Amino acid sequence: MSAKNDRRSFLSKLTVGTTAVLTWPFSGVTRSGIVNDQKSVDVNPIKNIKPLGFNWETPNPFLFCVHHDDQFPQGNENMGPDKELLKGRDIGNDFIIKDGFRMYHGTKVPGFPGHPHRGFETITLVREGLIDHADSLGAAGRYGFGDVQWMTAGEGVQHSEMFPLINEEKENPLELFQIWLNLPRKSKMVKPHFKMMWKEDQSKYSARDENGNKIKAEVIAGKLGDVEAPAPPPDSWAADKNNHVGVWNIVLNPNAKWTLPKAPKGVNRTVYFYVGKSITVAGKEVPRYHSIEVEPDVDLPIINHDHVSRILVLQGRPIDEPVIQYGPFVMNSKEEIQQAFKDYQQTQFGGWPWPRRDQIHDRNEGRFAIHADGRKEVKG
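Predicted, not measured: the structure shown is a model, and the values here were computed from it.

Basis of the calculations
Residues numbered from 1 in each chain as written. Predicted model: local features only at pLDDT ≥ 70, side-chain atom pairs only at ≥ 80, totals over all residues. Heavy atoms only, no water. Salt bridge = Lys/Arg side-chain N within 4 Å of Asp/Glu carboxyl O. Buried < 20%, exposed > 50% of the residue type's maximum accessible area, 1.4 Å probe, protein only. Helix = DSSP H or I, 4+ residues; strand = E, 2+ residues; numbered from the N terminus. Phe/Tyr/Trp six-rings, centres within 6.5 Å; stacked < 30°, edge-to-face > 60°. Lys NZ or Arg CZ within 6 Å of the ring centre and 35° of its normal. Pairing = 2+ DSSP bridges. Axes fitted to C-alpha atoms, helices over the stretch in contact; angles between N-to-C directions. 1 Å grid on protein atoms, 1.4 Å probe; cavity = no way out; pocket = protein on both sides within 12 Å on 5 of 7 lines; lining within 4 Å. Points joined across faces, edges and corners; volume = space filled by probe spheres on them. Nonpolar A, V, L, I, M, F, W, Y, C, P; charged D, E, K, R; others polar. Core = buried A, V, L, I, M, F, W, Y, C linked by side-chain atoms within 4.5 Å. Contact = heavy atoms within 4.5 Å. Polar contact = N/O pair within 3.5 Å; in protein donor to acceptor, adjacent residues only side chain to side chain.

1. Topic: the pattern of salt bridges
Note that side chains of opposite charge can pair when their charged atoms are close. If you walk through the whole model with that rule in mind, you get 19 salt bridges. Two residues, Lys 98 and Asp 99, come together in a salt bridge whose shortest N-O distance is 3.4 Å. With a relative accessible area of 30%, Lys 98 lands in the partly exposed category. For the salt bridge of Lys 241 with Glu 228, the shortest nitrogen-to-oxygen distance reads 2.9 Å. One end of the pair, Lys 241, is in the loop between strand 18 (227–228) and strand 19 (246–252); the other, Glu 228, is in strand 18, with 13 residues separating them in the sequence. A residue is classified by how much of its surface remains accessible, and Lys 241, at 60% relative accessible area, is exposed. Residue Glu 228 is classed as partly exposed on the basis of its relative accessible area, which comes to 38%.

2. Overview of the packing of aromatic side chains
Counted according to the given criterion, the structure contains 20 aromatic pairs. Geometrically, the ring pair formed by Phe 72 and Phe 101 is tilted, given 5.4 Å between the ring centres and 50° between the ring planes. Placement of the pair is Phe 72 in strand 6 (residues 62–72) and Phe 101 in the loop between strand 6 and strand 7 (111–117), with a sequence separation of 29 residues. Every member of this aromatic cluster is reached through a ring pair, and the members are Phe 54, Phe 72, Phe 95, Phe 101, Tyr 104, Phe 112 and Phe 163. A cation over a ring is seen here: Lys 376 above Phe 368, with NZ or CZ 5.6 Å from the ring centre.

3. A few points about the sheet that holds strand 26 (residues 309–316)
An order of 4-24-21-26-19-16-15 is seen for the 7 strands of this open sheet, with the pairing classed as antiparallel. The sheet terminates laterally at strand 4 (46–51) and strand 15 (203–208), the two strands that pair on one side only. Between one strand axis and the next, the sheet turns through 20° on average, direction left out of account.

4. Observations concerning the sheet that holds strand 5 (residues 55–56)
In spatial order, the strands read 5-6-13-8-11-14; together these 6 strands make up an open sheet with antiparallel pairing. In this open sheet, the two edge strands, each paired with only one partner strand, are strand 5 and strand 14 (193–197). Across 5 bridges, strand 11 (residues 148–152) lies against strand 14 in antiparallel orientation. Each bridged residue has a counterpart across the sheet, and for Trp 150 the counterpart in strand 14 is Lys 195.

5. Digging into the layout of surface pockets
The calculated volume of the second largest pocket comes to roughly 520 Å³. Gly 222, Lys 223, Lys 241, His 244 and Val 245 are the residues nearest the centre of the second largest pocket, which is lined by 25 residues in total. Breaking the lining of the second largest pocket down by element, the ones donating at least two residues are strand 16 (214–221) and strand 17 (223–224). Tallied by class, residues from the lining of the second largest pocket come to 15 nonpolar, 4 polar and 6 charged.

6. Brief notes about the nonpolar core
Core analysis: the largest hydrophobic core is formed by 30 residues, its most contacted members being Phe 72, Tyr 104 and Phe 163. Those elements giving two or more residues to this core turn out to be strand 6, strand 8 (120–128), strand 13 (172–182) and strand 14. In terms of residues, this core owes the most to one element, strand 6, which gives 4 residues. If sequence neighbours within four positions are ignored, Phe 163 has contacts with Phe 72, Met 79, Tyr 104, Val 109, Pro 110, Gly 111, Phe 112, Leu 130, Ile 131, Leu 174 and Leu 176.

7. Looking at the side chain of His 68
Inspection of the secondary structure puts His 68 in strand 6. In this structure the side chain of His 68 is engaged in a polar contact, spanning 3.0 Å, whose partner is the side chain of Tyr 104.

8. Examining unusual backbone geometry
Here the bond from Asn 60 into Pro 61 is cis, since omega is 20°, no more than 30 degrees from zero. Positionally, Pro 61 belongs in the loop between strand 5 and strand 6. A positive phi angle, close to 50°, is found at Phe 145, a residue other than glycine. Tracing the backbone through its elements, the reader meets Phe 145 in the loop between strand 10 (140–144) and strand 11.

9. Comments concerning the side chain of Gln 315
Of note, Gln 315 is situated in strand 26. Within polar-contact distance, the side chain of Gln 315 engages the backbone oxygen of His 244 at 3.0 Å. Excluding its chain neighbours within four sequence positions, the residues that come into contact with Gln 315 are Phe 62, His 244, Val 245, Gly 246, Trp 248, Ala 263, Val 267, Asn 268 and Arg 269.

Following this line, the structure appears as structure tokens:
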């Protein structure tokens, strides 16, 4: 992902003009989905292999994915790092790892204070740690440790995503993915919506290979094998099953052999290998922290080595429309981007009903969500 689309520049771009940027032989498999070493086919499904950075390149209909992996220290009385650890940082725009973590746009608590979005969706998968959410619709929440939040920005919403350092006696590691999924023209200006997919309620895939090695996955969107994800927000590109949107976070036990089932032709599919040492994909050894762009309509054999590996799979039918992105707004034309800036300047997308832009919740609060209609979910 180029610097012009870098997540670190979201807030700074709001103060700039509205000039838009145009973005536009291996083992066979059995029907059970397990690699069969005795068969071979003559199709090479691998299109491209690339090293991963902070921002991950993603295929249409996705806009990008960011992998946050911070070893935050013990929290002080304000749920932020000790002041001594803030010295030497570019506070307010701190994206360089120092002492194992970044502050991002936070000044006292790490994270992303209130900022606007229009025209797309954010899908936030938290593997470890907690996020405090607040938005311009009055919704709020705290989620993490396997939870997923799926937010449709639609016509416009402000939200904050802060990373409170809850623990005072031990470190506060945080690992999450934030994925941006585009919206088609017909849905760019729908009402904002956010949905929680709590870890207790998620769809889980599980299989074992012929040697009993386990494969498991969180099925966030789409269908993997016989396991189907919970329904996405109603206006999402993923809501139409014909778009074959898939978001799957997969864990391969040591020496596991597994096959990613094929998808229809015309779907974009990328495999992101982010934890482990190396895996063999369709006969090609791939080192950790690389993406593998693959042909969708071919079964994809994956062989893990003597360690636990984790991969994220993103797939979907592309949205066949122009993509104009400028900072936090993603529309179909330069004029629509300019209108988004004007609307935000005039309405603030509903204003900010919270006492602080970097809103955090009580240290003793557990996992919860308060929706814009007042409905409350409590998970503890």
